[in-house]
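As a plain string of letters, each chain reads:
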Amino acid sequence: MLRLTFCLLICATVALAQRRVVRPVYSTGNAGDGQYRPSNDGQYRPDSSGSGNDGRYVHVDNKYKHDARLDGGYKGKNIPYVPHKEKFIPTPPTPRVRVAPTYKPAPPQAPAAVFVDLPQGKGRGVGKNGDLILRQNGAVDTVGFNYLYETENGILGEEAGKIEKQDSGESLRTKGFYEYTGDDGKLYHVDYVADNGGFIPVGAHIPTVPPHVPRLLEYLRTHGAL
């Protein structure tokens, strides 16, 4: 009996303790309880006030009513059209003015004077289509040729050529010279060689090739540019 009474007291104490637990109370109003409550959810809600405007198109049939009053017609000014008396005169085109070119070709320049000390020639310098040929001979064989000529007005020339081995194989190489008396009375003498490398003249009055040109050609040739 005592044990039963003690058990009932414990159960009553536990029940009273549970009733005294403070539980949070959540407000359903507008208090700042952290919950999101949208004010506009985007849904269409028709007007329920009874005004009849639910957002739909309502056609109003306004038919045309003819105005049959006597003064309902058009009252405009009865002014006849009067054409313009002035004729159109087109503006004459602006004449083109030809401007003379300001470019003036440079006058021809005399050939540059030779500043080398050349010997005096034996000829007259000017032919008259009547000068005699003093010497003319030559020969041709299977390996080459040679010839020589001299005229009365001081022209002298000689050339010889033969087949020789060159860079691209066997080909003709000629050597010779020619000389003549110029208008200034000076003797002009030219020695030359003609082969696979072209015609190469040498003379006291002929400007020499600058030394950098052969070096440049050799550089281009070794780099495959020629």
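The structure contained in this document is the topic of the report that follows. By convention here, each chain's residues receive numbers from 1 onward along its written sequence. Owing to the predicted nature of the model, reporting of local features is limited to residues with pLDDT of at least 70; listing and counting of side-chain atom pairs is limited to 80 or more, with chain, interface and lining totals taken over all residues. To get the side-chain values, take all heavy atoms of the structure and skip hydrogens and water.

**Quick notes on the overall build of the protein chain**
- Here a helix means four or more residues in a row that DSSP labels H or I, a strand means two or more in a row labelled E, and each is numbered from the N terminus. Within the protein chain, the secondary structure is distributed over two helices and six strands.
- Sequence-ordered secondary structure for the protein chain, helices as α and strands as β, is α-β-β-β-β-β-β-α.
- Buried, partly exposed and exposed residues are distinguished by accessible area as a fraction of the type maximum, computed with a 1.4 Å probe on protein chains only: under 20%, between the cut-offs, and over 50%, respectively. Looking at the protein chain as a whole, 12% of its 226 residues are labelled buried.
- Only heavy atoms matter for contacts: two residues are in contact if any of them lie within 4.5 Å across the pair. Of the contacts made within the protein chain by residues no fewer than 6 positions apart, 26% connect residues no fewer than 24 positions apart.
- Exposure was quantified through the Shrake-Rupley algorithm and a 1.4 Å probe, taking into account, for residues, occlusion by the shown protein chains and nothing else. Carbon and sulfur atoms make up 58% of the accessible area of the protein chain, which amounts to about 21,500 Å² in all.

**Structural notes on the pattern of salt bridges**
- The rule for a salt bridge is simple: a side-chain nitrogen of Lys or Arg has to be within 4 Å of a carboxyl oxygen of Asp or Glu. Summed over all chains, the structure comprises four salt bridges.
- The closest approach of N and O atoms between E150 and R135, which form a salt bridge, is 2.9 Å. You can see E150 sitting in strand β2 (residues 144–151) and its partner R135 sitting in strand β1 (residues 133–140), a full 15 residues away along the chain.
- Across the pair R221 and E218 runs a salt bridge, and its minimum N-O distance is 2.9 Å. One end of the pair is R221 and the other is E218, both in helix α2 (residues 212–222) and three residues apart, which spans about a single turn.

**Focus on the sheet that holds strand β4 (residues 169–181)**
- As summarised here, the arrangement of the six strands in space is β1-β2-β3-β4-β5-β6, forming an open sheet in which the pairing is antiparallel. Strands with a single pairing partner mark the edges of an open sheet, and in this sheet they are β1 and β6 (198–202). When the angles between neighbouring strand axes are averaged without regard to direction, this sheet yields 15°.
- Where strand β3 (residues 156–166) lies against β4, eleven bridges are found, and the strand directions are antiparallel. Here the rule is simple: two strands pair whenever DSSP picks up at least two bridges between them. To get an axis, a line is fitted to the C-alpha atoms, and for a helix only the part in contact is used. The angle between two axes follows their N-to-C directions and goes from 0 to 180 degrees.

**Observations concerning the side chain of E150**
- Taking relative accessible area as the criterion, E150 reaches 18% and is therefore assigned buried.
- In this structure E150 touches I133, L134, R135, I155 and L156, once residues within four positions along its chain are discounted.

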